[in-house]
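# Analysis of the macromolecular model
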Amino acid sequence: CGSTAFVGSNECPSHEETIDYTTLRYVRCCSDTNLGQPWKKKNQCSVWGATENINDGCSGILNFNEAMAFCDDAGGRLCTSEELVNDCTRGTGCGYDKAMIWSSTAEL
C-alpha cells in the first residue's frame, strides 16, 4: 500500500500481497542517492522516493517488468516492501497513497 494511513481501506486491504508478475499495480520508485527534484527523503528512511514528475508523469498501472523499467528510466529502482511499509514514498504524488504499489521484494 502507498501509505500506512490507508491500510485496511477498500483500495489497500493490506500492506502487502502476493501476486503474479503480470498483475497491474501502481509504481513508486526509490533511489539510494539523491537525484534532486522531485525525489524526497523522509527522516525515517535511508532512501529517496518519487512518484510524480518522473518520466513525464505518473506511472499508471503497470505489470512488474514495466514497473522495474519505469523506475530504471527515472534513475531509481522499485522500492522494497520494507521501504513502502516505512512510508518512504508517502505523499510523493499521483494519489498513490491509497493504492497497492509494486515492490522489489520477491517473498513476504
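Structure shown above.
These remarks concern the structure in this document. Predicted model only: the values in this text are computed from it and were never measured. (Residues numbered from 1 in each chain as written. Predicted model: local features only at pLDDT ≥ 70, side-chain atom pairs only at ≥ 80, totals over all residues. Heavy atoms only, no water.)

### Thoughts on the side chain of Thr51
The residue Thr51 is located in the loop between strand 3 (48–50) and helix 1 (64–73) in this model. Polar side-chain contacts of Thr51 include one of 2.5 Å to the side chain of Thr92. Residues contacting Thr51, with those up to four places away along its chain left out, are Val27, Arg28, Gly57, Cys58, Thr92, Gly93, Cys94 and Tyr96. (Helix = DSSP H or I, 4+ residues; strand = E, 2+ residues; numbered from the N terminus. Polar contact = N/O pair within 3.5 Å; in protein donor to acceptor, adjacent residues only side chain to side chain. Contact = heavy atoms within 4.5 Å.)

### Details of the state of the cysteines
On inspection of all chains with the given rule, the structure shows five disulfides. Two residues share a disulfide in this structure: Cys29 and Cys71, whose sulfurs sit 2.1 Å from each other. The sign of the -85 degrees torsion about the S-S bond sets the Cys29-Cys71 disulfide as left-handed. With Cys29 in strand 1 (residues 29–31) and Cys71 in helix 1, this pair connects stretches of sequence that are 42 residues apart. Using a relative accessible area of 0% as the deciding quantity, one classes Cys29 as buried. Covalent S-S linkage joins Cys45 and Cys88, the inter-sulfur distance amounting to 2.0 Å. With the S-S bond torsion at -100 degrees, the cross-link from Cys45 to Cys88 turns out left-handed. On the criterion of sequence distance, the pair formed by Cys45 in the loop between strand 2 (40–41) and strand 3 and Cys88 in the segment after helix 2 (81–85) is long-range, its members being 43 residues apart. What makes Cys45 buried here is its relative accessible area of 5%. By sequence order of its bonded cysteines, the protein chain has the disulfide arrangement 1-2, 3-7, 4-8, 5-9, 6-10. (Disulfide = S-S within 2.5 Å. Buried < 20%, exposed > 50% of the residue type's maximum accessible area, 1.4 Å probe, protein only.)

### A short note on the environment of Leu78
With respect to the secondary-structure elements, Leu78 resides in strand 4 (residues 77–78). For Leu78, a relative accessible area of 4% gives the class buried. Separated by 32 residues in sequence, Leu78 and Ser46 have C-alpha atoms that sit 14 Å apart. With residues near it in sequence (within four places) discarded, Leu78 still touches Val27, Arg28, Phe64, Ala67, Met68, Cys71, Trp102, Ser103 and Ser104.

### Looking at the packing of aromatic side chains
Considering all chains together, one arrives at three aromatic pairs under this definition. On the basis of an interplanar angle of 85 degrees and a centroid distance of 4.6 Å, the ring pair of Tyr21 and Phe64 is categorised as edge-to-face. Linking Tyr21 in the segment before strand 1 with Phe64 in helix 1, this pair joins segments that are 43 residues apart in sequence. When its relative accessible area of 10% is taken as the criterion, Phe64 is described as buried. An angle of 45 degrees between the planes, with centres 4.5 Å apart, marks the rings of Tyr26 and Tyr96 as tilted. Here Tyr26, found in the segment before strand 1, pairs with Tyr96, found in the segment after helix 2; they are 70 residues apart in sequence, far enough to count as distant. Put simply, the rings of Tyr21, Phe64 and Trp102 touch in pairs and so form one group of aromatic residues. Positioned above the aromatic ring of Trp48, the side-chain terminus of Lys41 is 6.0 Å from the ring centre. (Phe/Tyr/Trp six-rings, centres within 6.5 Å; stacked < 30°, edge-to-face > 60°. Lys NZ or Arg CZ within 6 Å of the ring centre and 35° of its normal.)

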